Structures are given as structure tokens and as C-alpha cells.
Amino acid sequence: MVWCCEGVVRKRMWCGVLQRYGHRYPRSTDVGCPEIFDPVCGSDCVTFNNACYFKIAHCKKPRLRLAHQGQCRRNTSNNQCPDACPLYYDPVCGSDGKTYGNTCLLGLATCRNPAITFKHEGECTATKNCPDVCPLYVDPVCGTDGKTYSNSCFLGIASCNDPSITLRHRGECRTTRNCPDVCPLYVDPVCGTDGKTYSNGCFLGIASCNDPSIKLRHRGDCRKQSH
């Protein structure tokens, strides 16, 4: 029985994103969900902003199914919403700015008020007085969320609303590369153009792979550069 959702569609969905993130469930920011409102309703009676957010939830909860396109509808056949949910705590934030203990509780709120949708996983953050206007010049910067911002002002707005977003590097974001993450542990220090000392050329190579603007400045510790 689906309390407030109708027309449950049972279809197989695979979660290739899990192969990229191992046992850590991906977030919308990891896979770059578009910020568009094209709602879909899950069998837990939660309205997701678009199919991308639904697929992420499905990866975490494989029993979740797509109920129908559009916002969740209240079941008018018996005009009832659920009145009980499991007590585990896995918080989600609703579009009304409230934190719900789990998706079931959010689904209950959505059933009673279809205007309430899923905003993001985790607790809601306090509303901040962040700016919403920036100059329109183009001097692109890349954020740690993998998005390219027209200039540092737009990145600043994003960072104000979500402090986890910071500057990754200047210029447009580059396509993710398959860079190595393991190096031998011998010490033969080299200095990078970013001013950091790397244990050896291999570690500098990893940094350069992830950010091609980083090059070899000189061999040895950055602090012992000869004049």
C-alpha cells in the first residue's frame, strides 16, 4: 500500500554512481544534479526536485520506487495520510526550511501539503542574509562543488548559502581526470608553483594532474630556495 502516492511504477534502476563512491552514498553535489524543478514523486511520498535527486535516494534505499511524475498527490480515495513513521534518525531538509527526522516524516508532511518537497539530505542550515546580485563580468572560477561560476562574486553567494563550497581554482572547472592517488614514500622534496613542498615528484605529479596549473618550481624544499 502506498499511502499518499498513486500509480507506483516498478522499474529497475542501476546505481553506477555507487561504483565511483564505494560504500559512501553519493550526494547531489557529487554527481552534479541540475538545479531544475521537474518534480517526481517517490513511493515514500516524498517529492524530489527532479529525477536525479530521486536516483540518489534510490541508491541509498533500493526499495524506493518511482510513484509518478510531478509532485506527490494526496490519496483522495480515502483522504488519509500516514500517522506513524519509524524512529530512526536520517535527517532530510524540506523546501519549507524544516528538518525532518527521515524521509518518511517528510513524506507525511508532503502528503498533508504537496507544496513541501525534498530540498537536500541532512539537516537544514540556518537561513542567511546572502547577496543575490553580482556584476556580470566574466572571470570564471571553479568551486569545490565542481561548478564553474562566472566570477568570484557568484561563487561567494554559493559559499554563503553552503559554506562547504569554496574556491578550487581560478578558471573554468576541468573534466575529472583519472589521477593516481598512491605514491612511493621516499623523500626527495620538490617545490611546486603553488608554493607547496611535495615529498617527491610523484606527489607533485598527482597535484599537477588534478590542477594542471601546478608545475615544478625547483627541486628541494620551497623554504630553502637558493637566490
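Look up a bit, the structure's there.
In what follows, the accompanying structure is described. (Residues numbered from 1 in each chain as written. Predicted model: local features only at pLDDT ≥ 70, side-chain atom pairs only at ≥ 80, totals over all residues. Heavy atoms only, no water.)

As a further point, take the packing of aromatic side chains. The final tally for this structure, using the stated rule, is three aromatic pairs. Here the aromatic rings of F48 and F54 are separated by 5.7 Å at their centres, their planes lie at 75°, and the arrangement is edge-to-face. The pair F48 / F54 is uniform in exposure class, with both members buried. Seen from their ring centres, F48 and F118 are 5.3 Å apart, and the 45° between their planes marks the pair as tilted. Taken together, the positions of F48 in strand β2 (residues 47-48) and F118 in strand β6 (residues 118-121) put the pair 70 residues apart, joining distant regions of the chain. The pair F48 / F118 is uniform in exposure class, with both members buried. Here the aromatic residues F48, Y53, F54 and F118 are joined through ring pairs into a cluster of three or more. (Phe/Tyr/Trp six-rings, centres within 6.5 Å; stacked < 30°, edge-to-face > 60°. Buried < 20%, exposed > 50% of the residue type's maximum accessible area, 1.4 Å probe, protein only. Helix = DSSP H or I, 4+ residues; strand = E, 2+ residues; numbered from the N terminus.)

Okay, the nonpolar core next. Counting residues in each nonpolar core, the largest one holds 16 residues, and the members touching the most others are F48, F54, Y100, L106 and F118. Ranked by residues supplied to this core, first place goes to helix α3 (residues 51-60) with four residues. Residues in contact with Y100, not counting those within four places in the same chain, are P91, V92, G94, L105, L106, A109 and I116. (Core = buried A, V, L, I, M, F, W, Y, C linked by side-chain atoms within 4.5 Å. Contact = heavy atoms within 4.5 Å.)

Every α-helical turn comprises 3.6 residues, leaving residues that sit three or four positions apart pointing alike. All of the buried residues along α3 are Y53, F54, I56, A57, H58 and C59. Two or three places before C52, at the opening of α3, N50 has a side-chain oxygen 3.1 Å from that residue's backbone nitrogen. (Polar contact = N/O pair within 3.5 Å; in protein donor to acceptor, adjacent residues only side chain to side chain.)

Before going further, it helps to examine the state of the cysteines. By definition, a disulfide links the sulfur atoms of two cysteine residues through a covalent bond. If you walk through the whole model with that rule in mind, you get eight disulfides. Across the disulfide, C179 is cross-linked to C209 (sulfur-sulfur distance 1.9 Å). Residues C179 and C209 are joined by a disulfide whose S-S torsion is about -85°; by sign, that bridge is left-handed. Residue C179 is found in the loop between β9 (167-170) and β10 (190-192), and its partner C209 is found in helix α6 (residues 201-210); the two are separated by 30 residues along the sequence. (Disulfide = S-S within 2.5 Å.)

If you walk across this open sheet you meet the three strands as β8-β7-β9, and the pairing is antiparallel. Every other strand in the sheet has two partners, leaving β8 (148-149) and β9 as the edge strands with one partner each. (Pairing = 2+ DSSP bridges.)

L155, I157 and A158 are the residues of helix α5 (residues 152-161) that are buried. Looking straight down α5, one finds that the buried residues subtend no more than 155° of arc, so they occupy a single side. Tucked inside the fold, the buried residues of α5 contact β7 (141-143), β8 and β9. Between the side-chain oxygen at the start of α5 and the backbone nitrogen of C153 there is a gap of 3.0 Å, and the oxygen is on N151. (Arc of directions from axis to C-beta.)

Looking now at the pattern of salt bridges. Per the stated rule, a full pass over the model turns up three salt bridges. Across the salt bridge formed by R219 and D188, the nearest N and O atoms sit 3.1 Å from each other. On the criterion of sequence distance, the pair formed by R219 in strand β12 (residues 216-219) and D188 in the loop between β9 and β10 is long-range, its members being 31 residues apart. Since its relative accessible area comes to 56%, R219 is described here as exposed. Overall, the relative accessible area of 34% leaves D188 in the partly exposed class. When the shortest N-O distance is used, the salt bridge between R223 and D221 registers 3.1 Å. Looking at R223, the relative accessible area reads 75%, which means it is exposed. (Salt bridge = Lys/Arg side-chain N within 4 Å of Asp/Glu carboxyl O.)

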